[in-house]
Structures are given as structure tokens and as C-alpha cells.
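Residue strings, one per chain:
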Protein chains: 2
Amino acid sequence: MHNNFSTPPASSTSIRPARGRPREFDRQAALAAATRLFWIKGYEATSIADLTETMGIGTKSLYAAFGSKDELYAEALKYYYTTYEGLVWTRFRKAATAREAALAFLQDSAIAMTGGDLDLPHGCMATLATVGSEGHSELGELMRATRAGGFDILKARFDRAKSDGDLEATADTTKLARFVQTVQSGMAIRARDGADRDELHAVAEIALSGWDHITGNIDHRMQGKA
Amino acid sequence: MHNNFSTPPASSTSIRPARGRPREFDRQAALAAATRLFWIKGYEATSIADLTETMGIGTKSLYAAFGSKDELYAEALKYYYTTYEGLVWTRFRKAATAREAALAFLQDSAIAMTGGDLDLPHGCMATLATVGSEGHSELGELMRATRAGGFDILKARFDRAKSDGDLEATADTTKLARFVQTVQSGMAIRARDGADRDELHAVAEIALSGWDHITGNIDHRMQGKA
DNA sequence: TCCTTTATGCAGTGATCGATGCATAAATCG
DNA sequence: CGATTTATGCATCGATCACTGCATAAAGGA
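How each quantity is defined
Residues numbered from 1 in each chain as written. Chains lettered and ligands numbered in written order. Predicted model: local features only at pLDDT ≥ 70, side-chain atom pairs only at ≥ 80, totals over all residues. Heavy atoms only, no water. Helix = DSSP H or I, 4+ residues; strand = E, 2+ residues; numbered from the N terminus. Contact = heavy atoms within 4.5 Å. Buried < 20%, exposed > 50% of the residue type's maximum accessible area, 1.4 Å probe, protein only. Arc of directions from axis to C-beta. Axes fitted to C-alpha atoms, helices over the stretch in contact; angles between N-to-C directions. Parallel < 35°, antiparallel > 145°, perpendicular 65-115°, else oblique. Nonpolar A, V, L, I, M, F, W, Y, C, P; charged D, E, K, R; others polar. Phe/Tyr/Trp six-rings, centres within 6.5 Å; stacked < 30°, edge-to-face > 60°. Lys NZ or Arg CZ within 6 Å of the ring centre and 35° of its normal. Core = buried A, V, L, I, M, F, W, Y, C linked by side-chain atoms within 4.5 Å.

1. What about the environment of A:Phe151?
Residue and element names in this part refer to chain A.
Okay, so step 1: For Phe-151, the position within the fold is in helix α7 (residues 137-164).
Okay, so step 2: Separated by 25 residues in sequence, Phe-151 and Leu-176 place their C-alpha atoms 9.7 Å apart.
Okay, so step 3: Ignoring sequence-local partners within four residues, the contact set of Phe-151 consists of Thr-174, Ala-177, Arg-178 and Gln-181.

This is the structure in C-alpha cells:
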């Protein structure tokens, strides 16, 4: 609400509504703060005034360091992805089977989307930015590409599973990947609406509980089911 | 894009950039047009200028008829729901079993979210309005309530299925309803991202293909890793 | 120490936001 | 026909949007 000048550190030699050059700001920290704000409020609803306040820098410094609001958002989205990508894909990559990979992806998404171990904003920044990108076609395309990346990774893993033999050759990996991606997108909406971690974990579990039936493995591996 | 004044009916006596009272506008038609615009662009990104152009009325008339942008959006959301609710819930209500109901809901959602029989905007107006409602807490609550309504309907149907006997008494209807709701929310995201009807139909099919497995095992944790 | 560089706070740019006052003229009624 | 009502287009309001010019003063090199 207020800036930091309302309660100055008192021990400071100069009270610092001063004009000159106070201190070089931490670009990464400022970017992290901007990312968090964009993540919470979305692109359109976040104003430059909001950003400068949160980032703790002046308007001029923001433009000198990041160019424009669009460029800052693009960089924030990249920062978001590179910083938090591991939360969702690490266990996925280590998983032995396609099913375990998909389950790990959805489970870890459930955790990440409800704040993770840290105090992260809820929901997925890229997914929730779907609306409000009208008139910013360049950014819209960037967001779309970011979301599409998830599908590609899922499909590639499922395709590999066919070679590995833990997915039937008849399985439709495109549809499978689309399904998992769709569930994760829905989880982002639910998380933003206040869903807690348990709820999202339950969704992940239910989504894949019929895996063998979905993929066709049921004919060969689930014969004697209770 | 253009209003109807660009090509006047030619038989008109005056060419009508006139000052006075031209004709009483159709309130319902104007509301329908506003709804469509909000649906496509979202609340924040839709300006009063956009609305007056699309609705074919002047600024003063808009405020006289609808009060404010907030009130217009609220009325548009209500119009949206009452007008298109049947597209998604009609077959659901007629379905004999919980599974058929859920499948009908997701299948008809797939159709509605890709334009239906008419040329509707893709995706769900209420779902996609998740972000951008910051600072408009009243509208945000309205949207949230609209989304929550879907869950209530699903859960009530599943609860009834327990009495009917087509769902196990041990089935967790809350988790089940959350899962279906989550899949539908994800479909809205996918639809806005360009997913076609076939893709969403496939998602609906996959989501419920493991139904018997899901509903039978939901309480006593899943046992089945291969 | 002096000079250049550089990041800053502040004021202000034109544009657009949601919303409103006003004169006008079609519709309505006596 | 004449008086009243009413919906309109237009101009404009203050606020806020993304963004920039300017004077200032700390940091860094000589």
C-alpha cells in the first residue's frame, strides 16, 4: 500500500527521499518480485505502479532494466518456467514407467499449484494467463507456446513408453497426453479458486486410477482384478 | 466490427448521425451482444467503447439500461448461464446412471466449448474469468459462485446414484464431482487454446473410461501399480 | 580530487479508462 | 397541434494507463 519512505530506517545518515543514486538494485530479486505479481494478478491487471512498488525500484530503473511491460512479462514468464519447472518435472523424468511419470507430474503439480514448500502463488502462471492476452498477440503466442511445451514433454514420454514396452503399441499417446494436460489445466483453475492440496491430489489419483483400462493394458495385465 | 449505421437501410428519411431519439433499442439483443463480448475478451479487457460499438447503442443508453460496467457484467453472466445452461446439463439430467450423466456432461461440454450448434465463443465464460477479477471482489465472488454451482449439481447427482444403487456406498462423491469439474475446467482452457471438438471428446472419453475402477476403489486407496 | 557514468525520484506525456452533463429530436399523450 | 417524456450523439470529466524527460547525487576511473 505505502512505499518504504513512510517509515525510514532512522539510523540512516540521510533520510533518502533524496534525488541521487541510492544503490544498485538486485535485478534478479526485482524480476522474482515482478514474476510473483504477474503470477497473482495476471498481465492486464498488473500496472507499472504495482510493479515498481513491489519491485522496490523506480519507473525509470524498470524501463532501463527491462525495456517495457511486455518485455518484463516475457522475462518473468521465462523466469517462472526455469525456476519452477523442476517442481513439476523432476520426478516425472525419473519415473520408470509412463504411468508413474504421469502420476508424478499430476501429483507434483498438485503440490506446486498449492504453494509448494515455499509460499508460491496458487495455480499455474502460464495456464491462468489464457484470458486477457487479447490485443497482445506476441505475448499470447508466448504463453501458448509455454503451455504447449507441457504437452510435448508428456507425449514424448508416452511415445518412449511404447518403445520400452510399458505402453501398448495401440495406445493413442496424443490423446493420452492431451488428457493429462487437460487435467493439469483444470487443477490450475481449481487451485486459483481455493482448492487445497488434498483435493488436487485426489483429482490426480482419480485421473490415473483407470490408467490400465485407458491405455489398453487392462486386457493383458488386469485380468484378475478385485 | 462495425455498427449498423455503416450501411443504413437506404429507405430511411434521414441518414441518422442525427442527434435525437432514433429508435428504442432491443435490451435483450444488446445484452446478448455484451455477453458474447465479455465471454470472448473477459471483463478487464472489454472497454465501454468496445461494448457500445458491439451493442450498437450509445454510452448514455448503456448506463441508463444497465447501471455500470460491473452490473452489466453480472447481468451478462446471468444471461450466459440461463441461456446456455441447457447445452451442458440437459442430457445430464435425463441420464439413467451417474456414469452416463457424467459422460453426457463432459461430452456436451466438449460440444458447447467448441461453439455448439451455433457460433458460440469457445470455452466457458465463467471458468475463463478466473483471473482478472482482482480488485472486483463482488464480481469475483459471483464468478466463483457460478463455477461452484457445477460442482453442487454433479455431487447431488452422484449422491442420488448411491441411493439408486448404481454407485458403491463407499464411493467418495465429493472427490468424484471435483474430478469431473476439474476435467471440465481443463477443457475450457484447452478450448480457448484452440482445441477442437474431437480432442475434447477424447478427453471426456478417457476421463471416464476407468469409471468402474474409479468408483469401486476410491476409498481404500489404489493398490495397483504394475 | 575532478570528471564521467549511471541509477534514481519526480513530474508530466498523450492515450484511454469508466462514467456523466447537455442539447437534440423522435415518440407519446392531451 | 402543443407539451412532455425519453433515448440519443457528442463532448468532456477526473483517474489511471504505459511510458519518458530532467535534475540530482552516488559510484568508479583518472
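2. With respect to helix α2 (residues 48-55) of chain B
All names here are of chain B.
Okay, so step 1: The complete set of buried residues in α2 reads Ile-48, Leu-51, Thr-52 and Met-55. Buried residues along α2 cover an arc of 95° about the axis, so they all sit on one side.
Okay, so step 2: Looking at the packing, one finds that the buried side of α2 touches α1 (27-41), α3 (59-66) and α4 (69-94).
Okay, so step 3: Gly-56 lies just past α2 and shows a positive phi near 75°.

3. Description of the side chain of A:Thr52
Residues and elements named next belong to chain A.
Okay, so step 1: Inspection of the secondary structure assignment puts Thr-52 in helix α2 (residues 48-55).
Okay, so step 2: Relative accessible area serves as the criterion here: at 13%, Thr-52 is assigned to the buried category.
Okay, so step 3: Beyond its immediate chain neighbours, meaning those up to four positions away, Thr-52 contacts Ile-57, Gly-58, Thr-59 and Leu-62.

4. Some details on the packing of helix α1 (residues 27-41) of chain A against helix α4 (residues 69-94) of chain A
Helix-helix packing is characterised by the crossing angle of the two axes and by the distance between the axes.
Residues and elements named next belong to chain A.
Okay, so step 1: Where α1 meets α4, the closest approach of the two axes is 9 Å, and the angle between their N-to-C directions is 95°. By the angle between their directions, the pair α1 and α4 is classed as roughly perpendicular. Here Arg-27, Gln-28, Leu-31, Ala-32, Ala-34, Thr-35, Phe-38 and Trp-39 of α1 lie close against α4, whose contacting residues are Lys-69, Leu-72, Tyr-73, Glu-75, Ala-76, Tyr-79, Tyr-80 and Tyr-84.
Okay, so step 2: For the contact of α1 with α4, a count of residues per class yields 11 nonpolar, 2 polar and 3 charged.

5. Examining the packing of aromatic side chains
Centre-to-centre distance and the angle between the planes together describe a pair of aromatic rings.
Okay, so step 1: Applying the stated criterion to the full structure yields 20 aromatic pairs over all chains.
Okay, so step 2: Ring centres of A:Phe92 and A:Phe105 lie 6.3 Å apart, and the angle between their planes is 70°; on these two criteria the pair is classed as edge-to-face. Taken together, the residues span a long stretch of sequence, with A:Phe92 in helix α4 and A:Phe105 in helix α5 (residues 98-112) at a distance of 13 residues. Note on accessibility: A:Phe92 and A:Phe105 belong to one class, buried.
Okay, so step 3: Between B:Phe38 and B:Tyr73 the ring centres are 4.7 Å apart and the planes differ by 75°, which places this aromatic pair in the edge-to-face class. You can see B:Phe38 sitting in helix α1 and its partner B:Tyr73 sitting in helix α4, a full 35 residues away along the chain. Neither residue differs from the other here; B:Phe38 and B:Tyr73 are each classed as buried.
Okay, so step 4: In textbook terms, an aromatic cluster arises when at least three aromatic residues are bridged by ring pairs, as seen for A:Phe38, A:Tyr43 and A:Tyr73.
Okay, so step 5: A cation over a ring is seen here: B:Lys69 above B:Tyr43, with NZ or CZ 4.4 Å from the ring centre.

6. Thoughts on the side chain of B:Arg190
Okay, so step 1: Take B:Arg190: it is sitting in helix α8 (residues 173-192).
Okay, so step 2: Judged by its relative accessible area of 7%, B:Arg190 falls in the buried class.
Okay, so step 3: Setting aside chain neighbours within four positions, we find B:Arg190 in contact with A:Arg178, A:Gln181, A:Thr182, B:Ala195, B:Glu199 and B:Leu200.

7. Quick word on the nonpolar core
Okay, so step 1: Of all hydrophobic cores here, the largest spans 132 residues; its most connected members are A:Met55, A:Phe158, B:Met55, B:Phe158 and B:Phe179.
Okay, so step 2: Those residues in contact with B:Phe158, other than ones at most four positions away along the chain, are B:Ala98, B:Ala102, B:Leu167, B:Thr173, B:Leu176, B:Ala177, B:Val180 and B:Trp211.

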